[in-house]
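Spelled out, the chains give:
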Amino acid sequence: MTQRISVIGTGYLGTTHAVCMAELGFEVVGMDVDTEKITKLSQGYVPFYEPDLEPLLRKHVESGRLRLTSSYAEVADFGDVHFICVGTPQRKGEFAADVSYVEDVVEGLAPHLRRQCLLVGKSTVPVGTADHLAQRVAELAPAGAAAELAWNPEFLREGFAVEDTLKPDRLVIGVSSDHAEQVLREVYAEQIAAGTPFLVTNYATAELSKVAANAFLATKISFINAMAELCEHAGGDVTMLADAIGYDDRIGRKFLNSGIGFGGGCLPKDIRAFMARAGELGADQALTFLREVDAINIRRRTRTVDMARECCDGSFVGKRVAVLGAAFKPNSDDVRDSPALNVAGLIQLQGAQVSVYDPKAMTNASRYFPTLDYADSIKAACGGAHVVLHLTEWREFRDIDPVQLGEVVAQRYVVDGRNALDVGRWEAAGWTYRGLGRGVVS
Ligand code: UDX
């Protein structure tokens, strides 16, 4: 019998997972307590920008393979496998993760579970959460031991969410029974047949594999950004340095792009929650290096502000600054902990008039940072600017003609916060180019 799937939580993770499960041929119900989101999704609209997702959502809503609801009772009645995909944001004023949304799902769903089923957590949680939730399921579910829990962390990247879900690098499942493993082998049969590594482990290892991966990625970025600091002092070029070390395939060139650092809804909060959890477990020394990773990352933002100020003769007062990019990375409209907006905000506080343009993130940016000015094109953002800051590496910005843009600015200074512009082209067009970690560039 084909498993019937429910997906609880319809944010980035849940919407993508629900749509991709339908694409893999399953009957799926997506559930969220936010009825507005459910209405939008039922009409075929994804409430955020993610390439390829909306056409697939429409396809499966229209075919009836994907339905949406706000009712736990309906989900419990329908599903054999319930994926939990709600958020675990950073707690206000603390490093620790807020797992209350995950707990709410278990408290809301479990009392309706009257037949055999498997709950599968995909949310990023502090290690130990699954153990605790398994106990709650046992206490609350009328089905008793027939309602089980597994943990199956999600590694998808925004901007590549559909591809990462349909063709993951690996699948990791934390289970407490052979039956749970069997169910998940059926769910992921297509990926397993295609050769995707399938790792079966306990809850703790599964939970840790997600945060450990994100901690490693964050460390890799901060490592190259620390090298950028050195290059600035020593007269080196960090992009060439990254190439030079990246050819060693033990190191690898991926995730060695230096610039204004990492942001988004995952890496910053995940490394902080990881440190907090290590402290609770009495292993805080193991992760103290992540404090430094976080500090290096934040320092890149202030360094970018300093560079921009230098281009404005040492003071932002009365100056116009153009900021190209608001999303935390390209191909996304996500502005959570966006380094670009953080830099824009800091510069505005120091007296400049800041004008921001982003191809997709304008609505989100103006909602979260309403006091910045928003322009509707690159040209409009850069009009009369004393310095142009390139802070999110959209293709559209790499394709800018620096000769034409040079005609609208007050002075030709560009700070490349992503080390992604073609230095030669910009300098040939009369611009003074400043890249982070590029001490040798004029
Ligand atoms: C990340 C993980 O990659 C993913 O596996 C996990 O499931 C969720 O968190 P995501 O937040 O979508 O995914 O973004 P990612 O592509 O990892 O980029 C994170 C941040 O690092 C971005 O702000 C990006 O601009 C920055 N980054 C990335 C760099 O500064 N340099 C790099 O070389 C790579």
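Bear in mind that the values here come from a model prediction, so they are computed numbers and not experimental data. (Residues numbered from 1 in each chain as written. Predicted model: local features only at pLDDT ≥ 70, side-chain atom pairs only at ≥ 80, totals over all residues. Heavy atoms only, no water.)

**Overview of the domain arrangement of the protein**
- The domains assigned to the protein are domain 1 (4-201) and domain 2 (238-435).
- Between domain 1 and domain 2, the C-alpha centre-to-centre distance is 33 Å.
- In this complex, domain 1 contributes 17 residues to the contact, which on the side of domain 2 involves 18 residues.
- When domain 1 packs against domain 2, close to 1500 Å² is buried across both sides, 57% of that on carbon and sulfur atoms.
- Looking at the side of domain 1 facing domain 2, the largest losses of area belong to Tyr49, Phe95 and Glu158, adding up to 45% of the total buried there.
- Taken together, domain 1 and domain 2 are joined by one salt bridge.
- Between Arg336 and Glu158 there is a salt bridge, with the nearest N and O atoms lying 3.2 Å from each other.
- Counting every contact that joins domain 1 to domain 2 gives nine residue pairs in polar contact (both at pLDDT 80 or more). (Domains from an automatic or database assignment. Contact = heavy atoms within 4.5 Å. Buried area = accessible area lost by both parts, 1.4 Å probe. Salt bridge = Lys/Arg side-chain N within 4 Å of Asp/Glu carboxyl O. Polar contact = N/O pair within 3.5 Å; in protein donor to acceptor, adjacent residues only side chain to side chain.)

**Here's the deal with the nonpolar core**
- Ranked by internal contacts, the top residues of the largest apolar core, which has 50 residues, are Val321, Leu324, Ile347, Val354, Val388 and Leu389.
- For this core, the element with the highest residue contribution is helix 14 (residues 339-349), accounting for five residues.
- Non-local contacts of Val321, meaning those with residues more than four positions away in its chain, are made with Phe316, Ile347, Ala352, Gln353, Val354, Ser355, Val387 and Leu389.
- Core analysis: the next-biggest nonpolar cluster, separate from the first, contains 39 residues, Leu41, Cys85, Leu118 and Ala150 among them. (Core = buried A, V, L, I, M, F, W, Y, C linked by side-chain atoms within 4.5 Å. Buried < 20%, exposed > 50% of the residue type's maximum accessible area, 1.4 Å probe, protein only. Helix = DSSP H or I, 4+ residues; strand = E, 2+ residues; numbered from the N terminus.)

**Some words on the site of the ligand**
- The full set close to the ligand counts 20 residues, and Phe155, Glu158, Asn257, Phe328 and Lys329 are the nearest of them.
- One nitrogen or oxygen atom from the main chain of Leu156 is found 2.9 Å from an oxygen atom belonging to the ligand.
- At 2.7 Å, a backbone N or O of Glu158 approaches an oxygen atom of the ligand.
- Protein burial of the ligand: of its 670 Å² of free accessible surface, 91% is covered by the chains.
- A per-element tally of the shell around the ligand places helix 10 (residues 203-234) first, with four residues.
- Here the residues of the shell around the ligand are counted per class, giving ten nonpolar, four polar and six charged. (Near = heavy atom within 4 Å. Areas by Shrake-Rupley, 256 points an atom, 1.4 Å probe, with all protein chains shown as cover. Nonpolar A, V, L, I, M, F, W, Y, C, P; charged D, E, K, R; others polar.)

**Points about helix 3 (residues 53-63)**
- Taken as a whole, helix 3 has its buried residues at Leu53, Leu56, Leu57 and His60. The buried residues of helix 3 occupy an angular sector of 105° when the element is viewed end-on, so they sit on one face. Seen from the buried face of helix 3, the exposed residues on the opposite side, beyond 90 degrees, are Pro55 and Glu62.
- On its buried face, helix 3 sits against helix 1 (12-23), helix 2 (35-42), strand 3 (66-69) and helix 7 (161-166).
- Within two residues after helix 3, Gly64 carries a phi angle of roughly 85°, on the positive side. (Arc of directions from axis to C-beta.)

**What to know about the packing of aromatic side chains**
- Per the counting criterion, the structure on display carries three aromatic pairs.
- Ring geometry for Tyr357 and Phe397: centres 6.1 Å apart, planes at 70°, overall edge-to-face. One end of the pair, Tyr357, is in strand 10 (residues 353-357); the other, Phe397, is in helix 17 (residues 395-398), and 40 residues separate them in sequence.
- Classification of Phe397 as buried rests on a relative accessible area of 0%.
- Judged by centre distance (4.9 Å) and plane angle (70°), the rings of Trp426 and Trp431 are edge-to-face.
- In this structure, Arg58 packs its charged tip against the face of Tyr45, placed 4.9 Å from the ring centre.
- The ring of Phe78 is capped by Arg67, whose NZ or CZ atom sits 5.3 Å from the centre of that ring. (Phe/Tyr/Trp six-rings, centres within 6.5 Å; stacked < 30°, edge-to-face > 60°. Lys NZ or Arg CZ within 6 Å of the ring centre and 35° of its normal.)

**Structural notes on the side chain of His60**
- Within the secondary structure layout, His60 lies in helix 3.
- Excluding anything up to four places from it in sequence, His60 contacts Val19, Ala22, Glu23, Arg65 and Leu66.

**Some details on the sheet that holds strand 10**
- Here we have six strands laid out as an open sheet, ordered 11-10-9-12-13-14, and parallel in their pairing. Either end of the sheet is taken by a strand with one partner, and the two such strands are strand 11 (373-374) and strand 14 (432-435).
- Sheet topology note: the strand 12 (residues 387-390)/strand 13 (residues 413-416) ladder contains three bridges and is parallel. If you follow Val388 over to strand 13, its bridge partner there is Val414.
- Against the sheet, helix 14 engages strand 9 (320-324), strand 10, strand 11 and strand 12, with an angle of about 160° to strand 10. (Pairing = 2+ DSSP bridges. Axes fitted to C-alpha atoms, helices over the stretch in contact; angles between N-to-C directions.)

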